[in-house]
Amino acid sequence: MKKAVSKTTLGLNLPTDPRWVDLAAMSLQDILTDHAYCEQKAASTMISMVQMHSDKPALVDALAPVVTEEWGHFRMVLAELKKRGLTLGLQRPDHYIKGLMKGKPKGESRDFLFLDQLLICALIEARSCERFKMLSEKLEEENLKKFYHQFMVAEASHYRLFLDLAKTYFPEERVMNRWDYWLEYEAGLLKTMEVRGDRMH
């Protein structure tokens, strides 16, 4: 009998190590820089998805405003860095995203890979939401707590959006079976990664 897994409120199989937020609080410039690049990459990913799936009106209509929102988030983080007298540092490799990409099978159909793409996006948004929530609750500075609360709310809606899009194009049972695969894979990936406060993921 398979052992039950304790999920977070976002449905994630493994909660973030609580040490992460303490380390992040000590590395604000690094975490803000990494956050800025996460938002930039999210906007770029949405644009690519619209280009790749321009034959899917529901997806185009849903993601077009998200591109604007994600780029707006990038600008918000840049403004926060500037307010603190900090500059946008160099982009660092995102080992979390690279690790997720290794979970995608090779040689599958375009439809199969499309479903995975939607679910990976949902997963990234869910994990980001969880970490923004941690920052909004645990940071000492009140303005930063409010700052990250805004991002938490936005990522929660994006997480639901990608799951809903998956269910728009695929049967719900198929979506949820594949979602379970990604939840399990991501939990296993996190267990192999060092807890670092200079990365959002």
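Everything below is about the structure printed above this text.
Described in the following lines is the structure provided in the data block.

So, how was this worked out
Residues numbered from 1 in each chain as written. Predicted model: local features only at pLDDT ≥ 70, side-chain atom pairs only at ≥ 80, totals over all residues. Heavy atoms only, no water. Helix = DSSP H or I, 4+ residues; strand = E, 2+ residues; numbered from the N terminus. Rg over C-alpha atoms; globule rule 2.2 N^0.38 Å. Buried < 20%, exposed > 50% of the residue type's maximum accessible area, 1.4 Å probe, protein only. Expected span 1.5 Å × (residues − 1). Lys, Arg positive; Asp, Glu negative; His and termini not counted. Salt bridge = Lys/Arg side-chain N within 4 Å of Asp/Glu carboxyl O. Polar contact = N/O pair within 3.5 Å; in protein donor to acceptor, adjacent residues only side chain to side chain. Contact = heavy atoms within 4.5 Å. Axes fitted to C-alpha atoms, helices over the stretch in contact; angles between N-to-C directions. Parallel < 35°, antiparallel > 145°, perpendicular 65-115°, else oblique. Left-handed = near helix turned anticlockwise from the far one by under 90°. Core = buried A, V, L, I, M, F, W, Y, C linked by side-chain atoms within 4.5 Å. 1 Å grid on protein atoms, 1.4 Å probe; cavity = no way out; pocket = protein on both sides within 12 Å on 5 of 7 lines; lining within 4 Å. Points joined across faces, edges and corners; volume = space filled by probe spheres on them. Nonpolar A, V, L, I, M, F, W, Y, C, P; charged D, E, K, R; others polar.

**Side note on the overall build of the chain**
- In terms of helices and strands, the chain carries 7 helices and 0 strands.
- Of the regular secondary structure in the chain, the N- to C-terminal order runs α-α-α-α-α-α-α.
- For the chain, whose C-alpha radius of gyration is 17 Å, the value lies close to the compact-globule estimate of 17 Å for 201 residues.
- Considering only C-alpha atoms, the chain reaches an extent of 50 × 45 × 25 Å along its principal axes.
- The proportion of buried residues among the 201 residues of the chain is 47%.

**Points about helix α7 (residues 172-192)**
- Here α7 spans 31 Å end to end across 21 residues, near enough to the 30 Å set by a 1.5 Å rise per residue.
- For α7, every residue scored as buried is listed here: V175, R178, W179, W182, L183, E186, A187, L189 and L190.

**Some thoughts on the side chain of R131**
- Note that R131 resides in helix α5 (residues 110-138).
- One buried charged residue, R131, forms no salt bridge at all, with the nearest opposite charge on E130 at 4.2 Å.
- For R131, the side chain forms a polar contact with the main-chain oxygen of M200, separated by 3.0 Å.
- Not counting chain neighbours up to four residues away, the residues in contact with R131 comprise T16, W20, L190, M200 and H201.

**Some remarks on the packing of α5 against helix α6 (residues 142-169)**
- Where α5 contacts α6, the axes come no closer than 7 Å and their chain directions differ by 160°. With respect to their mutual orientation, α5 and α6 come out roughly antiparallel. The crossing of α5 and α6 is left-handed.

**Concerning the nonpolar core**
- Formed by 54 residues in total, the largest nonpolar core has its most connected members in L135, Y148 and F162.
- Secondary structure elements with two or more residues in this core: α1 (19-25), α2 (28-52), α3 (57-83), α4 (95-101), α5, α6 and α7.
- In terms of residue count, α5 provides more of this core than any other element does, 14 residues in total.
- The residues touching L135, leaving out its near neighbours within four places in the chain, are W20, V21, A24, K145, Y148 and M200.

**As for the layout of surface pockets**
- Approximately 460 Å³ is the volume found for the largest pocket.
- Lining the largest pocket are 23 residues; nearest its centre among them are K41, A42, T45, I97 and I124.
- When the residues that make up the lining of the largest pocket are grouped by side-chain class, the tally is 10 nonpolar, 5 polar and 8 charged.
- For the second largest pocket, the calculated volume is near 300 Å³.
- As for the second largest pocket, its lining consists of 18 residues, of which R131, M193, E194, V195 and R196 are closest to the centre.
- If you list the elements that add at least two residues to the lining of the second largest pocket, you get α4 and α7.

**Focus on α5**
- Compared with the 42 Å implied by 1.5 Å per residue over 29 residues, the 42 Å span of α5 between its first and last C-alpha is a close match.
- Counting buried residues in α5 gives 23 out of 29 residues, a clear majority hidden from the surface.

**Notes on the pattern of salt bridges**
- Taken as a whole and judged by the stated rule, the model has 16 salt bridges.
- Residues D17 and R19 are paired through a salt bridge, measuring 2.7 Å at the closest nitrogen-oxygen approach.
- Residues E80 and K83 are paired through a salt bridge, measuring 3.3 Å at the closest nitrogen-oxygen approach. Separated by 3 residues within a single helix, E80 and K83 lie in helix α3, roughly one turn from each other.
- Taking the relative accessible area as the measure of exposure, E80 reaches 6% and is therefore buried.
- Beyond isolated ion pairs, a larger network of salt bridges with shared partners links E80, K83, R84 and E141.

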